[in-house]
Amino acid sequence: MSSTLTILLPSLLALLHYHIGITEAQLDIGVNYGMAGDSLPSPATVVQLFKKYRIQKVRLLEPNSDVLEALEDSGIDVTLGIKNEDLPSIASNATAAERWFNNHVEPYIPVINFQYITAGNEVVPGDLAQYVLPAMQNIQNIINSYEYDGLRVSTVVGTATLGSLDPPSSGAFADEARADMVGIINFLSNTSSPLLVNVYPYFAFASDPNHVRLDYVQFTATSPLVQDGKLSYSNMLDAIVDAFYWAMEKEGVSYVDAVVSESGWPSDGGGLWATPQLAKTYNQHFVKKFLAKQATPKRPDRYLEGFIYTMFNENQKPSGVDQHWGLFYPDGTPVYPLFS
Ligand SMILES: *[C@@H]1O[C@H](CO)[C@@H](O)[C@H](O)[C@H]1NC(C)=O
Ligand SMILES: *[C@@H]1O[C@H](CO)[C@@H](O)[C@H](O)[C@H]1NC(C)=O
């Protein structure tokens with residue numbers, strides 16, 4: 001492909017999607033599906049919503065047999081998490097790992113396309129961090145013995161694993177996370193699996209709105225705002241993902257991709273910046289970025305995947321903004337018109 005075409009194609013695709021409306025395209029975007037709400041629709045209804053809005057990928061924090069059954073034969077890719085509290089037993093006991101796999105994955109193998117199995121959510125750094133690598137290894141051993149080629153094992157980390165991230169080239173793991181992260185990323189490198197990262201420009205902005213620019217966190221800047229060596233950045237999400245790439249490179253790991261496993265913006269719940277308008281702007285640009293297959297300045301040729309946090313407003317989360325990250329109300333109506 002000529003270099004002009006390589007540059008033009010993503011923007012043409014973006015333009016195309018823009019004109020035909022996002023609903024017309026198969027959304028190459030994932031959504032987190034959490035269940036901490038007392039009036040959420042049945043899993044079967046939720047799967048109908050995924051299909052209606054052409055959501056192709058879903059991430060579940062933990063196994064739920066009703067949800068997995070509803071996803072059977074849906075064609076939707078599933079990322080399935082091992083609960084944090086299950087990590088110690090799965091890490092130390094191959095029988096417990098096999099039991100987990102046989103209960104929650106194996107029965108669905110023919111009818112669900114599992115994309116990633118994730119060992120824990122944001123446990124590095126912390127007391128459970130030591131269990132992540134051995135838990136991943138125990139699950140990987142089972143996958144190898146069954147010869148399930150498409151299935152990748154990983155874990156989900158947040159920016160707490162980074163001691164430095166601004167500018168992106170300063171990206172490095174925090175001292176208290178480093179030993180565990182080095183083992184984890186070497187495993188991911190050996191197994192050609194990505195690192196899943198939760199990225200929240202909202203929090204960076206809301207905690208320091210006088211110093212962080214709104215257009216930088218909302219993807220609305222029209223020119224680069226951060227120059228980092230040869231690389232220029234017009235949005236914080238790219239900068240944070242690249243900080244992870246730099247941190248991995250400093251440990252000698254250059255071929256592990258990042259997947260944005262959570263990102264989003266709250267529409268309510270207190271604070272000046274949690275509004276439907278800002279949430280809509282953020283998530284619309286997020287969807288467009290991933291539809292256009294725009295990766296990051298440091299790894300422009302990589303395929304970057306993204307999952308919006310989250311499908312529903314969940315009223316059993318702590319009160320405040322935590323309850324208002326959903327694209328949909330529990331009755332299935334959109335909180336704001338994202339997909340039109
Ligand atoms: C390993 O896990 C299995 C299944 O959960 C359990 O029955 C067994 O007692 C565990 N073994 C040890 C040493 O904890
Ligand atoms: C990765 O592979 C290398 C070479 O086979 C091996 O020495 C190392 O132990 C592996 N590391 C992990 C964490 O799997």
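How each quantity is defined
- Residues numbered from 1 in each chain as written.
- Chains lettered and ligands numbered in written order.
- Predicted model: local features only at pLDDT ≥ 70, side-chain atom pairs only at ≥ 80, totals over all residues.
- Heavy atoms only, no water.
- Phe/Tyr/Trp six-rings, centres within 6.5 Å; stacked < 30°, edge-to-face > 60°.
- Helix = DSSP H or I, 4+ residues; strand = E, 2+ residues; numbered from the N terminus.
- Buried < 20%, exposed > 50% of the residue type's maximum accessible area, 1.4 Å probe, protein only.
- Near = heavy atom within 4 Å.
- Polar contact = N/O pair within 3.5 Å; in protein donor to acceptor, adjacent residues only side chain to side chain.
- Areas by Shrake-Rupley, 256 points an atom, 1.4 Å probe, with all protein chains shown as cover.
- Nonpolar A, V, L, I, M, F, W, Y, C, P; charged D, E, K, R; others polar.
- Axes fitted to C-alpha atoms, helices over the stretch in contact; angles between N-to-C directions.
- Parallel < 35°, antiparallel > 145°, perpendicular 65-115°, else oblique.
- Contact = heavy atoms within 4.5 Å.
- Pairing = 2+ DSSP bridges.
- Right-handed = clockwise from strand over helix to strand, strands pointing away.
- Salt bridge = Lys/Arg side-chain N within 4 Å of Asp/Glu carboxyl O.
- Expected span 1.5 Å × (residues − 1).

(A) Molecular detail of the packing of aromatic side chains. For the structure shown, the criterion picks out 21 aromatic pairs. Ring plane angle 35° and centroid distance 5.8 Å describe the contact between Phe101 and Tyr146, whose orientation is recorded as tilted. One end of the pair, Phe101, is in helix α5 (residues 94-104); the other, Tyr146, is in helix α6 (residues 132-146), and 45 residues separate them in sequence. On the accessibility criterion, Phe101 (0% relative accessible area) is buried. A residue is classified by how much of its surface remains accessible, and Tyr146, at 31% relative accessible area, is partly exposed. Ring centres of Tyr282 and Phe286 lie 6.2 Å apart, and the angle between their planes is 20°; on these two criteria the pair is classed as stacked. Taken together, the residues span about one helical turn, with Tyr282 and Phe286 both in helix α11 (residues 276-291) at a distance of 4 residues.

(B) Region of the structure containing the site of ligand 2. The full set of residues close to ligand 2 is Gly183, Phe187 and Asn190. One nitrogen or oxygen atom from the side chain of Asn190 is found 2.2 Å from an oxygen atom belonging to ligand 2. Starting from 360 Å² of accessible surface for ligand 2 in isolation, the protein chains cover 37%.

(C) View of the site of ligand 1. The environment of ligand 1 is formed by Asn93, Thr95, Ala96 and Arg99. Between an oxygen atom of ligand 1 and a side-chain N or O atom of Asn93, the distance comes to 2.4 Å. In isolation ligand 1 exposes 360 Å². Once the protein is present, 34% of that is buried. Residues of the shell around ligand 1, tallied by class, amount to 1 nonpolar, 2 polar and 1 charged.

(D) Quick peek at the packing of α6 against helix α7 (residues 175-190). Where α6 meets α7, the closest approach of the two axes is 9 Å, and the angle between their N-to-C directions is 25°. By the angle class used here, α6 and α7 are roughly parallel. Contacts from Val132, Leu133, Met136, Gln137 and Gln140 in α6 reach Gly183, Ile184, Phe187 and Leu188 in α7. Residues of the contact of α6 with α7, tallied by class, amount to 6 nonpolar, 3 polar and no charged.

(E) A look at the pairing of strand β11 (residues 258-263). When you tally the buried positions in β11, you get 6 out of 6 residues, the bulk of the element. Summarising the sheet, strand β8 (residues 195-198) and β11 pair through 4 bridges and their orientation is parallel. Bridge pairing links Asn198 to Glu262 in β11. Sheet topology places β11 next to strand β12 (residues 305-308); 3 bridges connect them, and they run parallel. From the neighbouring strand, Val260 faces β12, where its bridge partner is Gly306. Following the backbone out of β11, through α11 and into the adjacent parallel β12, one traces a crossover that is right-handed.

(F) Representation of the pattern of salt bridges within the structure. For the structure on display, the rule yields 9 salt bridges. Across the salt bridge formed by Lys57 and Glu305, the nearest N and O atoms sit 2.6 Å from each other. Placement of the pair is Lys57 in strand β2 (residues 55-60) and Glu305 in strand β12, with a sequence separation of 248 residues. The exposure class assigned to Lys57 is buried, which follows from its relative accessible area of 3%. Of the charged contacts, one joins Arg213 and Asp215 as a salt bridge, the two residues approaching to 2.8 Å between their closest N and O atoms. When its relative accessible area of 47% is taken as the criterion, Arg213 is described as partly exposed.

(G) Fine view of unusual backbone geometry. That bond from Val124 to Pro125 is cis: its omega, -5°, falls within 30 degrees of zero. Mapping Pro125 onto the fold places it in the loop between β4 (113-121) and α6. With an omega of 15°, the peptide bond running from Tyr309 to Thr310 counts as cis. In this fold, Thr310 is placed in the segment after β12. The phi torsion at Arg54 lies on the positive side, around 55°, for a residue other than glycine.

(H) Highlighting helix α10 (residues 236-250). In this model, α10 (15 residues) spans 21 Å end to end at C-alpha, consistent with the 21 Å of a helix rising 1.5 Å per residue. With 12 of 15 residues buried, α10 is to be regarded as a mostly interior element. The set of residues buried in α10 consists of Met236, Leu237, Asp238, Ala239, Ile240, Val241, Asp242, Ala243, Phe244, Tyr245, Ala247 and Met248. One side-chain oxygen at the N-terminal end of α10 lies 3.2 Å from the backbone nitrogen of Leu237; it belongs to Asn235. Of the residues trailing α10, Gly252 is marked for its positive phi of about 85°.

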